[in-house]
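Descriptive analysis of the structure
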Amino acid sequence: MNITPSERQLDALTELINIGVGRGASVLNTMLESHIVLQVPFLRVISYNDLKDEITRHGGEWLATVEMSFRGNFTGSSQLIFSTESASKLVAAMVGEEPINMDMDEIRGGTLCEVGNIVLNGVMGSISNMLKFDFSYSVPNFLEENADNLFAPDQKKTEMSILLARTSFQIERLNIDGDVILFFEVASLKILLDSIDTLL
Amino acid sequence: MSEFEELALKFSILNHVPIGMFLLRNDYTIVFWNRCLEDWTGTDAKDIVGKNLGDEYPHFNQLSYQSRLGIVFDGGPPAIFSSQLHGSILPAPLPDGKLRIQHTTVIAVPADDGKNNYALFSVEDVTDLSRKITAIREAEKANIEKEKLAGVIEMSAAVCHELNQPLMVISGLSDILLWDMEEDHPLYKHLTAMQEQLDKTGLITKKLMNITRYETREYTAGRKIIDIDKSSS
């Protein structure tokens, strides 16, 4: 069963996630030499089958992702995904490295994991605080993977509802797009939307 | 049994892991400190348990740490402090005097009162990995510089080769024109000016032929170009 949020629900969710990434940006700005601005230009509910095309539309086939699972009022996982090239540029800009030698390695992966951790914490914190949800979380992990493998056919995920929030990282002269993805069980999305309705 | 003794017993298994681990109460009191951290920092648990983390390691008083640890104390998601952004979160010297490079994960652990949370720090030593990656990066960087230099040398040699032929022809022809020309001839000063510029161009081609390093200088609109003077020996 597919659930399609109303425009008002989507607007409210976008606002909620914007608040979350804004919190993430303010934390990042206390840590970094470069000023960073994060924005969510749009949010959509899409199917797992469309996810790969949507994610790879603006970048390469190799993706760097930070994933954090959660359970509680509902179960799912949140992910921050970049093309590997964007991820390397972002990390280089954040730590003041020259933008050469752009391979992601374990050290840069660790840095991206921290950035993802901060952004995803902001988003999940915003959702749990505003909607009075309680979650427990797994430790975030970093993964660099080919899009075909990352979004390989998966029956369990095909049945999930997916919220895709494009996130724009503006740092120095760079403008890097990443994607925040929230995977929910279908029933979980309904709980989320019902809770949003109580706010409207 | 005191709170610290109870927690020392409860978390005693963490004395056997090869990772630095400590437990922090939400008032920043260190309530558990494992053996690995005793070894790394040279500070025994009995000397640090009960003390304030911010007093022992003042950087933890910074807003960037407090805001993120506050989320953990509230039972929120874990916090990660990466090696590249934080270096040595708990300064621990190695035999060579340098500090261990650390990657730290902090998770919420519910307290027995059911209301509060402790923050459990897991500090991994990633010094070896960092050093290996740094060495690889430096080798790759040197390789890139070498490849750039090879490209510049090949290009400049080709440019010199192609330029020298027409330069010699123009220079020879201007010599012939000047051979019998009187100094008051209307073209004389133009031809001598042309020869001066030809000499300058000849010097530039010599410098191009002698490029041994890859040095750049700022150009317009944030672009960089090869600094011929600095690059040639």
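Please read these numbers as outputs of a predicted model, since none were measured by experiment.

Interface size, as often reported, equals the accessible area lost upon joining of the parts. With 25 residues of chain B at the contact, the number on the chain A side is 27 residues. For the pairing of chain B and chain A, the buried interface totals around 2,200 Å² over both sides, and the portion due to carbon and sulfur atoms is 64%. It is Q84(B), L85(B) and R137(B) in chain B that bury the most area against chain A; as a group they hold 26% of the surface buried on that side. At the junction of chain B and chain A, the tally comes to two salt bridges. Linking R137(B) and D105(A) is a salt bridge whose minimum nitrogen-to-oxygen distance equals 3.1 Å. Inspection of the region where chain B meets chain A yields nine residue pairs in polar contact (both at pLDDT 80 or more). Elements that contribute at least two residues to the side of chain B that touches chain A include exactly α5 (63-73), β3 (79-81), α6 (83-86), β4 (102-110) and α7 (127-179) of chain B. Of the residues forming the side of chain B that touches chain A, the biggest block, six residues, is contributed by α7(B). Looking at the side of chain B that touches chain A, its residues break down into 10 nonpolar, 11 polar and four charged.

Residues and elements named next belong to chain B. By secondary structure assignment, the location of N117 is in strand β5 (residues 117-125). One polar contact links the side chain of N117 to the main-chain carbonyl oxygen of F73, over a distance of 3.2 Å. Every residue in contact with N117, bar those within four places of it in the chain, is listed here: N26, V72, F73, D74, G75, A108, V109, P110 and A111.

Where helix α1 (residues 7-31) of chain A meets α5(B), the closest approach of the two axes is 8 Å, and the angle between their N-to-C directions is 145 degrees. Packed against α1(A), whose contacting residues are V27(A), T30(A) and M31(A), the element α5(B) presents L63(B), S64(B), S67(B) and R68(B) at the interface. Taken together, the residues of the contact of α1(A) with α5(B) break down into three nonpolar, three polar and one charged.

In this section: the pattern of salt bridges. Here the structure, examined in full by the defined rule, presents 17 salt bridges over all chains. The shortest N-O distance in the salt bridge between R100(B) and D125(B) comes to 2.7 Å. Highlighted residues: R100(B) in the loop between α6 and β4 and D125(B) in strand β5, separated in sequence by 25 residues. Take R100(B): its relative accessible area is 14%, and that puts it in the buried class. Overall, the relative accessible area of 31% leaves D125(B) in the partly exposed class. Counted as one network, the salt bridges with shared partners bring together R44(A), E54(A) and R166(A).

Calculation notes
Residues numbered from 1 in each chain as written. Chains lettered and ligands numbered in written order. Predicted model: local features only at pLDDT ≥ 70, side-chain atom pairs only at ≥ 80, totals over all residues. Heavy atoms only, no water. Contact = heavy atoms within 4.5 Å. Buried area = accessible area lost by both parts, 1.4 Å probe. Salt bridge = Lys/Arg side-chain N within 4 Å of Asp/Glu carboxyl O. Polar contact = N/O pair within 3.5 Å; in protein donor to acceptor, adjacent residues only side chain to side chain. Helix = DSSP H or I, 4+ residues; strand = E, 2+ residues; numbered from the N terminus. Nonpolar A, V, L, I, M, F, W, Y, C, P; charged D, E, K, R; others polar. Axes fitted to C-alpha atoms, helices over the stretch in contact; angles between N-to-C directions. Buried < 20%, exposed > 50% of the residue type's maximum accessible area, 1.4 Å probe, protein only.

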